[in-house]
Each structure stands twice: as structure tokens, then as C-alpha cells.
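Summary of structural features
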Amino acid sequence: MPARRDFLKHSLLPLGALCLSPDLKSLSQPKRSESHLSKRLKSITRHTPWNQVAAIKIRFNTFHCQGMVKIGTDFWVSSVEVHPGNDRSSGAGHLFKIDASGNLLADIAIGENAIFHPSGIDFDGTHIWIAAAEYRPDSRSIIYRLDPRRMALEEIFRWDDHIGGIARNPDTNTLHGISWGSRRFYQWALNETGKVRHANVSPIPNHAYYIDYQDNQYLGGGEMLYTGLSAYKRPGKPSFSLGGIEIIDLDSHQPVHQLPVELWSPATDAVMTQNPSFFELGEGDKVRGYFMPDDNESTLFIYEASAAAPL
């Protein structure tokens, strides 16, 4: 208990006065219209073909990747390295900057001591948001933002749970996080300097269960894109993993579009959404997805959904 009190004392208290219970309704603003990317994603069904357009070999050891964003032609990928012994108590967190040919441009250390497991990440147009946590559920996290132009990493606050994905909604200046296994949502209102306005934030249960979220991407219009997977096993039968995409309404925290992703790595048979992913619109207004499903010796797979329905 003293360690936990000390952890919180050096994290949330300097951010401002504590509120007994934040009014989550105050975080909501009039609903904005859905983004064009969101509309295109919602036009995809499980019968829409995905065509591979590229497979870029990553030219260094990537360890176990977690989240990804694309800024210009470069990719930023978070990853966890576990030191020998495999008890998950010692390791290193990384945020890699990778060029379009798979070369390492930068490796930024994330976390401290036992807090070394980076999260799913997102870019809000100014900062990359990333959390680091202990490699276990119900643990502790540090939430950071990184200015990719200055390569400057800034600690924002600490939280008494494992935050496995973090993204900022710039429309409401609100941070959105998920717990280990994405069973809990969190949201924190920020002030004009980017610091947390309310320290006491209650978790919001996630009632969607068919996948656990691995990575996140704010789509605009009050919607978050989550990707991930879940393993299923029948008694006496081999287990299999199902990958998927969910678009979540951030006011209701309910899914508005759910889509299995029936794509697998040719090297390991891992589902494409096992690790990081990123989506944008490509040529001809097609949805383009970027995936890095394999650990250590990774390949960046690029797919396009070939037949989005007319808007």
C-alpha cells in the first residue's frame, strides 16, 4: 500500500484539484458527423475481399509489437521486449520510427523499471499518445505524449490500472483508454495545457466480448476504431484466434460496427489484427489497412478492401 500511495502522489496530485466524481456528460458535445474513413469502414462486410498490395520486411528485431500510427510516409510502432527469464517482471518498452522500406530511424525508450509494456497508440495531429504498464492485468501505468517533430517524450499522468490502449479525441480534448483485455473503458478530460482535469475517473464496462482490443485509432465524429483478437478453444480441440475490427461510439461506449478480419500471416498464421494496425483511405477511396502480426521478425502487410459500397 505505501508503494501505491507514493505512485499516485507523484502522478495525479500535481495535475490540479481532485473532483469527487467527474460529470461524464460534460465531456460530451453535440454529435459530429461521422468521418469519411468511418463511412468507408462501415461499408465493409465479412464478404468484402481484402487484396494484399504490399509486404514490407522490417529490417530489425521488433520484439512484440503493440500499436501503430502512420505519419507521412513513416510508421511509429510501440513494442515490448521481455528480458531473459520470461517472468515479465523485467524488460524494455520501445517506440520505433520506421521508414517506408522497413528501416529503423529511431528507437525511443518507453516506461521505467517494471513499467515497460507499451500500449496501443494514436496520433492526434500534434502528439502521439502512448501508455506504459506493468506486464500484468490490474497493475499500474504511465501515460505519455510524444511530439514526433521534436522527438520529445512527456509524462502526463499515472494511473492505477493497466492501460492497454490510449487515444485522444481532439474534438472534446478527452483521452480514452482501455484496460488489459479491454474489459474497462476510461476517459479523462484534459485542460488547455493537456493535463488531466479530473483525477477520480470511474471505469466504464465494455459489454462487447468477441475480441479483446489491441490497438486504437480515433476516427473523428466521436468514434474510436479498435482492432484485436480473441482465442477460442473447444475441449480436446486445437484453439483458434479470431481477429476483428470494432467501431465504438464514445458517448455510449457501444459498438456501431463489428467486423471479423479473416486475414492471417503467411509466416506464422497469426491473425492480421493480433498486433498493431492502422487504417487510412487509399487510391480510389478504398480502405487501406496496415498490419504487423508477427513478433521479432516482422513484416508490414498492406491490404485494401477492394469493393466498398457506394455512400
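Just so it is clear, the structure is predicted and the values come from calculations on it, not from any experiment.

**Quick word on the overall build of the chain**
Scanning the chain for helices and strands turns up two helices and 21 strands. The burial tally for the chain puts 53% of its 311 residues in the buried class. Considering only intrachain contacts with a sequence separation of at least 6, the fraction spanning at least 24 residues in the chain is 52%. Here the chain displays about 13,800 Å² of accessible surface, and carbon together with sulfur accounts for 51% of that area.

**Observations regarding the confidence of the model for the chain**
This prediction gives the chain a mean pLDDT of 90; 88% of its residues lie at or above 70. Contacts for the low-pLDDT stretch residues 1-29, under 50 throughout, to residues beyond four places or in other chains number 38 contacts.

**Quick look at the layout of surface pockets**
In this structure, the largest pocket encloses a volume near 410 Å³. In terms of lining, the largest pocket is formed by 24 residues, of which the most central are Q66, W180, G181, Y213 and Q214. When residues of the lining of the largest pocket are traced back to their parent elements, those giving at least two are β2 (64-71), β6 (115-118), β12 (174-179), β15 (212-220) and β16 (223-232). Each residue belonging to the lining of the largest pocket can be placed in one class, and the counts come to seven nonpolar, 15 polar and two charged.

**Looking at the packing of aromatic side chains**
Within the structure shown, the criterion is met by 16 aromatic pairs. Clustering of aromatic rings is evident, with ring pairs tying together F157, W159, Y186 and W188. Sitting over the face of the ring of Y135, R88 holds its NZ or CZ atom 4.1 Å from the ring centroid.

Thresholds, definitions, all that
- Residues numbered from 1 in each chain as written.
- Predicted model: local features only at pLDDT ≥ 70, side-chain atom pairs only at ≥ 80, totals over all residues.
- Heavy atoms only, no water.
- Helix = DSSP H or I, 4+ residues; strand = E, 2+ residues; numbered from the N terminus.
- Buried < 20%, exposed > 50% of the residue type's maximum accessible area, 1.4 Å probe, protein only.
- Contact = heavy atoms within 4.5 Å.
- Areas by Shrake-Rupley, 256 points an atom, 1.4 Å probe, with all protein chains shown as cover.
- pLDDT = per-residue confidence, 0-100.
- 1 Å grid on protein atoms, 1.4 Å probe; cavity = no way out; pocket = protein on both sides within 12 Å on 5 of 7 lines; lining within 4 Å.
- Points joined across faces, edges and corners; volume = space filled by probe spheres on them.
- Nonpolar A, V, L, I, M, F, W, Y, C, P; charged D, E, K, R; others polar.
- Phe/Tyr/Trp six-rings, centres within 6.5 Å; stacked < 30°, edge-to-face > 60°.
- Lys NZ or Arg CZ within 6 Å of the ring centre and 35° of its normal.

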